[in-house]
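Residue-level listing of the chains:
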Amino acid sequence: MENWERQYQVLAQVLTDRGLDVDAIKQQIKSLVIELPSWAVGNSGTRYGVFRQAGAARSIWEKVDDCAKIQSVLGVCPVMASHVNWDKTDDGRYEPVRDYAAQRGLRIGTVHPNTFLGQQYKFGSICNPFADVREATIEHFVDCVRITREFGSKAIGIWLADGTNYPGQDHLRSRKHRLFDGLKALYDAMDPDMTLFVEYKFFEPFFYTTDLQDWGMSFMMCSRLGPRARVLVDLGHHASGVNVEHIVSILLDENKLGGFHLNNRKYADDDLMAGTINPLELFLIFDQIIDATFDPTTAATARAVCYMLDQSHNIEGSLEGMIQSVMNTQTAHAKALLVDRAPLRAAQAAGDVILANRTLMEAYDSDVQPLLKQARVEMGLSPDPIVAFRESGYLRQIAAERGAEGLGALGG
Ligand code: RM4
Ligand code: MN
Ligand code: MN
């Protein structure tokens with residue numbers, strides 16, 4: 001028996017003694033699906049440069065292959081999120097991508113329109129002062145609805161790069177009206193069973209104003225659009241010190257939380273691996289979500305939350321970076337499943353600050369790795385997906401097939 005198996009048995013007994021249903025917890029671990037972003041495989045970089053990776057995906061087919069490989073070691077990522085401009089065939093088609101993904105055991109998840117690559121977007125897309133740019137953007141939106149259908153997906157995730165750089169550059173209230181009109185055009189073009197995720201970000205690529213700058217703006221737009229519009233929280237899109245789990249709790253309570261772009265930040269939109277810089281924050285976010293699953297007024301929203309990675313792997317291998325991020329997310333989720341909620345509520349109601357905080361932190365301090373390993377083994381997987389990935393020799397194989405340019409010390 002492996003060491004972790006013994007640890008699992010002890011943990012399972014402790015949890016059972018506490019009145020928790022260990023099988024139900026494992027079931028929740030197994031069913032937390034995380035979408036893999038097609039745009040995170042392959043080479044990515046910063047504005048200063050790109051460190052090339054051996055065997056980096058060169059085509060949409062290779063991106064699908066890489067996501068399928070990641071899924072084969074994780075088992076909870078059968079979905080690839082898409083950025084429309086980068087995920088089509090050379091002749092501009094999407095169905096072959098969907099079909100190829102299906103052959104590899106993947107479906108296409110959230111479809112992301114692109115309103116930031118193009119000369120026309122200098123002053124924004126739907127908030128642009130020029131009507132022709134706004135109209136062309138709406139045409140792109142309508143096309144994205146068609147693409148979403150062709151992909152067999154039911155979700156569109158919109159992030160707008162719209163903003164201004166200088167005071168006085170544009171009329172801010174007019175931009176707000178243009179923003180709503182553009183989003184409404186997209187919302188109205190969607191099929192009745194499609195959901196729109198509206199993402200916000202406080203700055204970048206513009207620096208004076210950003211039209212969808214915070215959760216309040218996103219929430220306001222979604223509320224006015226209707227029930228199929230929900231807020232998407234990208235963990236890297238807040239200023240330092242912002243309490244993201246508090247935002248999450250409010251959005252859950254309003255039944256307006258749609259999904260996440262998982263990553264981690266130290267300073268700005270750093271797109272680092274999820275759970276690396278601030279694992280406590282990720283745990284506290286999941287704590288809010290799990291807590292909401294026990295409340296009948298928020299349970300459906302909490303259960304329907306869509307999780308995606310949105311990262312940029314600059315120095316770590318992109319495939320290992322994605323695997324590690326999913327594992328870190330699973331760790332935070334599993335810890336949140338262990339929170340002893342009845343004593344926590346009792347301590348809160350009694351104003352016992354110390355006991356309340358201790359009760360929450362007890363879950364955070366628990367070692368959930370044996371539980372995660374057991375859940376993976378029950379799914380027919382290796383207990384450690386990074387080890388399984390390394391042992392598979394996949395990096396060596398793609399480096400040989402696709403070219404070994406830039407192969408580093410850890411290249412496979
Ligand atoms: C943005 C935002 C979007 C992503 C683009 C590439 O900062 O996070 O979700 O699609 O970057
Ligand atoms: Mn994002
Ligand atoms: Mn971002």
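Here the structure is a predicted model, which means the values were calculated and not measured.

## Structural notes on the site of ligand 1
All residues in the neighbourhood of ligand 1 are listed as His83, Phe116, Trp159, Glu199, Lys201, Asp234, His237, His261, Asp269 and Asp310. Separating an oxygen atom of ligand 1 from a side-chain N or O atom of His83 is a distance of 2.7 Å. One of the side-chain N or O atoms of His237 is found 3.1 Å from an oxygen atom in ligand 1. When the free accessible area of ligand 1 is taken as 290 Å², the share hidden by the protein chains comes to 87%. Judged by its atoms lying within 2 Å of the grid points, ligand 1 is housed in the largest pocket. Taken together, the residues that form the shell around ligand 1 break down as two nonpolar, three polar and five charged.

## Quick notes on the coordination of the manganese ion (ligand 3)
Ideal coordination angles are 109.5 degrees for a metal with four donors arranged tetrahedrally and 90 or 180 degrees for a metal with six donors arranged octahedrally. Protein coordination of the manganese ion (ligand 3) is provided by His237 (NE2), Asp269 (OD) and Asp269 (OD), with donor distances spanning 2.2 to 2.7 Å. Taken as an interatomic distance, the gap from the manganese ion (ligand 3) to the manganese ion (ligand 2) is 3.9 Å. With His237 in the loop between strand E10 (229-234) and helix H8 (244-253) and Asp269 in the loop between strand E11 (257-262) and helix H9 (279-293), this residue pair connects regions lying 32 residues apart in the sequence. Each member of the pair His237 and Asp269 is classed as buried.

## Observations regarding the pairing of strand E8 (residues 195-199)
Summarising burial for E8: four of the five residues are buried, a large majority. Two elements, strand E6 (residues 155-158) and E8, share four bridges in a ladder whose sense is parallel. Residue pairing in the sheet places Ala155 in a bridge with Thr195 of E8. In this sheet, E10 lies alongside E8 in parallel orientation, the contact comprising four bridges. Within the sheet, the bridge partner assigned to Leu196 lies in E10 and is Ala229.

## Remarks on the coordination of the manganese ion (ligand 2)
Protein-derived ligands of the manganese ion (ligand 2) are Glu199 (OE), Asp234 (OD), His261 (ND1) and Asp310 (OD), with the metal-ligand distances lying across 2.1 to 2.2 Å. Viewed at the metal, the six donor atoms of the manganese ion (ligand 2) are separated by angles of 72 to 168°, and the geometry they form is octahedral. In the primary sequence, the donor residues of the manganese ion (ligand 2) line up as E-x34-D-x26-H-x48-D.

## Points about the pattern of salt bridges
If you walk through the whole model with that rule in mind, you get 25 salt bridges. The partner of Arg402 in a salt bridge is Glu62, with the nearest N and O atoms 3.5 Å apart. Of the two residues, Arg402 sits in helix H16 (residues 394-402) while Glu62 sits in helix H3 (residues 60-74), which places them 340 residues apart along the sequence. Residue classification places Arg402 among the buried residues on the basis of a relative accessible area of 11%. Among the residues examined, Glu62 registers a relative accessible area of 13% and is labelled buried. Among the salt bridges present, the one from Arg341 reaches Asp287, with a minimum N-O distance of 2.9 Å. With Arg341 in helix H12 (residues 341-349) and Asp287 in helix H9, this pair connects stretches of sequence that are 54 residues apart. A residue is classified by how much of its surface remains accessible, and Arg341, at 13% relative accessible area, is buried. Residue classification places Asp287 among the buried residues on the basis of a relative accessible area of 6%. It is possible to trace a salt-bridge network through shared partners that takes in Asp23, Lys26, Lys30 and Glu378.

## Let's talk about the layout of surface pockets
Each pocket or cavity is described by its volume, and for the largest pocket that value is around 1000 Å³. Together, 31 residues line the largest pocket, and Trp159, Lys201, Glu204, Asp269 and Asp271 are the ones closest to its centre. Considering only residue class, the lining of the largest pocket consists of 11 nonpolar, 11 polar and nine charged.

## Brief notes about the side chain of Asp191
Within the element layout of this structure, Asp191 appears in the loop between helix H6 (172-189) and E8. Its relative accessible area of 19% is what places Asp191 among the buried residues. Residues contacting Asp191, with those up to four places away along its chain left out, are Val145, Arg149 and Arg228.

## Topic: the environment of His261
Within the secondary structure, His261 is located in strand E11. Separated by 175 residues in the primary sequence, His261 and Trp86 have C-alpha atoms spaced 18 Å apart. Apart from the residues lying within four places of it in its own chain, the contact partners of His261 are His112, Glu199, Leu232, Val233, Asp234, Leu235, Met308 and Asp310. Among the polar contacts listed, one links the side chain of His261 to the side chain of Asp310, at a separation of 3.1 Å.

## Observations concerning H3
Its 15 residues give H3 an end-to-end C-alpha distance of 21 Å, which sits within 8% of 21 Å, the value for a rise of 1.5 Å per residue. Judged by how many residues are buried, H3 sits mostly within the fold: 13 of 15 residues are covered. Two residues or fewer after H3 comes Gly75, characterised by a positive phi angle close to 75°.

## Considering the side chain of Glu199
Structurally, the position occupied by Glu199 is in strand E8. No salt bridge forms around the buried Glu199; measuring N to O, its nearest opposite-charge neighbour Lys201 is 7.2 Å away. A distance of 3.5 Å separates a polar atom in the side chain of Glu199 from a polar atom in the side chain of His237. Leave out the neighbours within four places in its chain, and Glu199 touches Ile158, Trp159, Leu212, Ser218, Leu232, Asp234, His237, His261 and Asp310.

## Quick notes on the environment of Arg175
Secondary-structure assignment places Arg175 in helix H6. For the pair formed by Arg175 and Pro129, sequence separation is 46 residues and the distance between their alpha carbons is 7.7 Å. Once residues lying within four places of it in the same chain are set aside, the contact partners of Arg175 are Phe123, Gly124, Cys127, Pro129, Asp162, Gly163, Thr164, Asp170 and Asp211. Within polar-contact distance, the side chain of Arg175 engages the side chain of Asp211 at 2.9 Å.

Calculation notes
- Residues numbered from 1 in each chain as written.
- Chains lettered and ligands numbered in written order.
- Predicted model: local features only at pLDDT ≥ 70, side-chain atom pairs only at ≥ 80, totals over all residues.
- Heavy atoms only, no water.
- Near = heavy atom within 4 Å.
- Polar contact = N/O pair within 3.5 Å; in protein donor to acceptor, adjacent residues only side chain to side chain.
- Areas by Shrake-Rupley, 256 points an atom, 1.4 Å probe, with all protein chains shown as cover.
- 1 Å grid on protein atoms, 1.4 Å probe; cavity = no way out; pocket = protein on both sides within 12 Å on 5 of 7 lines; lining within 4 Å.
- Sits in = over half its atoms within 2 Å of the grid points.
- Nonpolar A, V, L, I, M, F, W, Y, C, P; charged D, E, K, R; others polar.
- Donors = N, O, S within 2.8 Å, 3.2 Å for Na, K, Ca; no water.
- Helix = DSSP H or I, 4+ residues; strand = E, 2+ residues; numbered from the N terminus.
- Buried < 20%, exposed > 50% of the residue type's maximum accessible area, 1.4 Å probe, protein only.
- Pairing = 2+ DSSP bridges.
- Tetrahedral: all angles 85-135°; square planar, octahedral: opposite > 155°, others 65-115°.
- Salt bridge = Lys/Arg side-chain N within 4 Å of Asp/Glu carboxyl O.
- Points joined across faces, edges and corners; volume = space filled by probe spheres on them.
- Contact = heavy atoms within 4.5 Å.
- Expected span 1.5 Å × (residues − 1).
- Lys, Arg positive; Asp, Glu negative; His and termini not counted.

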